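Take a look at the letters that make up each chain.
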Amino acid sequence: MATKKPLYLSVERMAENILACYFGSDTQSRVQGKNWYKEAYAIALEISNYSGIDLKRVCAIIAVISPRNSWAQNIADTEALIQAKIAGQNLENVSVKSFGLNKQKAINLLNGEPIEDNLRGFKVRSFADCIFNRGLTKSVVIDGHAVSIALGYKISLKDVPSRYFGKVGYSLVSEAYKLATSMINTLALNSIDEITPSQLQAITWIFHRSIHLNGYLTDVSNSEIMDGLVNQVHAAKNDLTKN
């Protein structure tokens, strides 16, 4: 019988799982993750420049229609709405892959409503902040993948406890990413190797998705690789404590 995996862990234990994922990641994931929000910022800036819409508002629009949307589709939907706005077309007729309520918030933003009135939800606000600040921020985007990484095993979105998307749970996972970041930066040889919490989230998110999409760690019973990495982190932590 498979051992039941825990759904709730301490911040310290989650940080160790995040570290295991980070130190197990490949160079490509680290490079892509560190630059992910920088590249997202560049895309948002380009949209802002050609549309004349304030950059912060563009970042907010991208963020509000990001739920359940791939990144490529997220940008395509953002541009479709903005181009329709520029052309004076009815925005209600523009097809968007995200939820209807999120589409309405994007329309509200395009119609000049205050950003803070439409940028609701911890994940959405964090995503907008990370894009606008090119990942050079302490904000962390917590989604199903981020929770899976923090728990140390793959968990489907439908099985993620709702508390992780509320104020307390979201804050705990965010703190775990911040703690893991501080530990990584303590070991960094120079400032170039240091990262921000949002960059750590992006790095581990990319690596976590890649190993699952490529057939690794596809279920709880196949998590030996991640368990091994977690054990390595525990050992490294003990060595640091002794020193």
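The following refers to the structure shown.

## Observations regarding the overall build of the protein
Link 1 in the chain: On a plain count of helices and strands, the protein comes out with 11 helices and zero strands.
Link 2 in the chain: Counting from the amino terminus, helix and strand elements in the protein follow one another as α-α-α-α-α-α-α-α-α-α-α.
Link 3 in the chain: Across the 243 residues in the protein, those meeting the buried criterion constitute 47%.
Link 4 in the chain: Carbon and sulfur atoms form 53% of the exposed surface of the protein, whose accessible area is close to 12,500 Å².

## Let's talk about the environment of Ala128
Link 1 in the chain: Inspection of the secondary structure assignment puts Ala128 in helix α7 (residues 122-132).
Link 2 in the chain: The exposure class assigned to Ala128 is buried, which follows from its relative accessible area of 6%.
Link 3 in the chain: Sequence spacing of Ala128 and Ser139 is 11 residues, and the spatial spacing of their C-alpha atoms is 9.5 Å.

## Considering the pattern of salt bridges
Side-chain pairs of opposite charge can arise where the charged atoms are in close proximity.
Link 1 in the chain: Using the criterion set out here, one finds three salt bridges in the structure.
Link 2 in the chain: Close ionic contact of Arg13 with Glu16 constitutes a salt bridge, the shortest N to O distance being 3.9 Å. Note that Arg13 and Glu16 are positioned in helix α1 (residues 11-24) at a spacing of three residues, about one turn of the helix.
Link 3 in the chain: Judged by its relative accessible area of 5%, Glu16 falls in the buried class.
Link 4 in the chain: Glu175 is the partner of Lys178 in a salt bridge, and the nearest nitrogen-oxygen pair spans 3.7 Å.

## Concerning the side chain of Ser148
Link 1 in the chain: You can see Ser148 is positioned in helix α8 (residues 144-151).
Link 2 in the chain: Using a relative accessible area of 2% as the deciding quantity, one classes Ser148 as buried.
Link 3 in the chain: Among all residues touching Ser148, those that are not within four sequence positions of it are Tyr153, Lys154, Ile155 and His208.

## Here we look at the packing of aromatic side chains
Link 1 in the chain: The full count for this structure, using the stated rule, is eight aromatic pairs.
Link 2 in the chain: Between Trp36 and Tyr37, the ring centres sit 5.1 Å apart and the planes meet at 80 degrees, which makes this aromatic pair edge-to-face. Side by side, Trp36 and Tyr37 carry an identical accessibility label, which is buried.
Link 3 in the chain: For the ring pair Trp36 and Trp71, a centre distance of 4.7 Å and an interplane angle of 55 degrees mean the geometry is tilted.

## Some words on the packing of helix α2 (residues 27-51) against helix α3 (residues 55-64)
Any two packed helices are characterised by the angle at which their axes cross and by the distance between the axes.
Link 1 in the chain: Running from amino to carboxyl end, α2 crosses α3 at an angle of 120 degrees, the nearest separation of the two axes being 9 Å. In terms of their interaxial angle, α2 and α3 are classed as oblique. At the point where α2 passes α3, the crossing takes the right-handed sense. Each of Tyr41, Ala44, Leu45, Ile47 and Ser48 in α2 lies in contact with α3, whose residues at this interface are Leu55, Val58, Cys59 and Ile62.
Link 2 in the chain: Of the residues contributing to the contact of α2 with α3, the split by class is eight nonpolar, one polar and no charged.

## Things to note about the side chain of Gln201
Link 1 in the chain: Along the chain, Gln201 turns up in helix α10 (residues 197-213).
Link 2 in the chain: Exposure remark for Gln201: the relative accessible area of 5% places this residue in the buried category.

## What to know about α1
Link 1 in the chain: Compared with the 20 Å implied by 1.5 Å per residue over 14 residues, the 20 Å span of α1 between its first and last C-alpha is a close match.
Link 2 in the chain: With 10 of 14 residues buried, α1 is to be regarded as a mostly interior element.
Link 3 in the chain: Those residues of α1 that sit buried are Val11, Met14, Ala15, Glu16, Asn17, Ile18, Leu19, Ala20, Cys21 and Tyr22.

## Structural notes on the environment of Tyr22
Link 1 in the chain: By the secondary structure assignment, Tyr22 is in helix α1.
Link 2 in the chain: Residue classification places Tyr22 among the buried residues on the basis of a relative accessible area of 7%.
Link 3 in the chain: Through-space distance from the C-alpha of Tyr22 to that of Thr181 is 9.8 Å; in sequence the pair is 159 residues apart.
Link 4 in the chain: The residues touching Tyr22, leaving out its near neighbours within four places in the chain, are Arg30, Ile184, Ile195, Leu200, Ile203 and Thr204.

## Here we look at the layout of surface pockets
Link 1 in the chain: Approximately 960 Å³ is the volume attributed to the largest pocket.
Link 2 in the chain: What lines the largest pocket is a set of 39 residues, among which Ser66, Pro67, Arg68, Lys123 and Asp143 lie closest to the centre.
Link 3 in the chain: A total of six residues in the lining of the largest pocket trace back to one element, the largest contributor, which is α10.
Link 4 in the chain: Considering only residue class, the lining of the largest pocket consists of 19 nonpolar, 13 polar and seven charged.

Conventions and cut-offs
Residues numbered from 1 in each chain as written. Predicted model: local features only at pLDDT ≥ 70, side-chain atom pairs only at ≥ 80, totals over all residues. Heavy atoms only, no water. Helix = DSSP H or I, 4+ residues; strand = E, 2+ residues; numbered from the N terminus. Buried < 20%, exposed > 50% of the residue type's maximum accessible area, 1.4 Å probe, protein only. Areas by Shrake-Rupley, 256 points an atom, 1.4 Å probe, with all protein chains shown as cover. Salt bridge = Lys/Arg side-chain N within 4 Å of Asp/Glu carboxyl O. Contact = heavy atoms within 4.5 Å. Phe/Tyr/Trp six-rings, centres within 6.5 Å; stacked < 30°, edge-to-face > 60°. Axes fitted to C-alpha atoms, helices over the stretch in contact; angles between N-to-C directions. Parallel < 35°, antiparallel > 145°, perpendicular 65-115°, else oblique. Left-handed = near helix turned anticlockwise from the far one by under 90°. Nonpolar A, V, L, I, M, F, W, Y, C, P; charged D, E, K, R; others polar. Expected span 1.5 Å × (residues − 1). 1 Å grid on protein atoms, 1.4 Å probe; cavity = no way out; pocket = protein on both sides within 12 Å on 5 of 7 lines; lining within 4 Å. Points joined across faces, edges and corners; volume = space filled by probe spheres on them.

Honestly, that's just the spatial picture; any functional story needs more than this.
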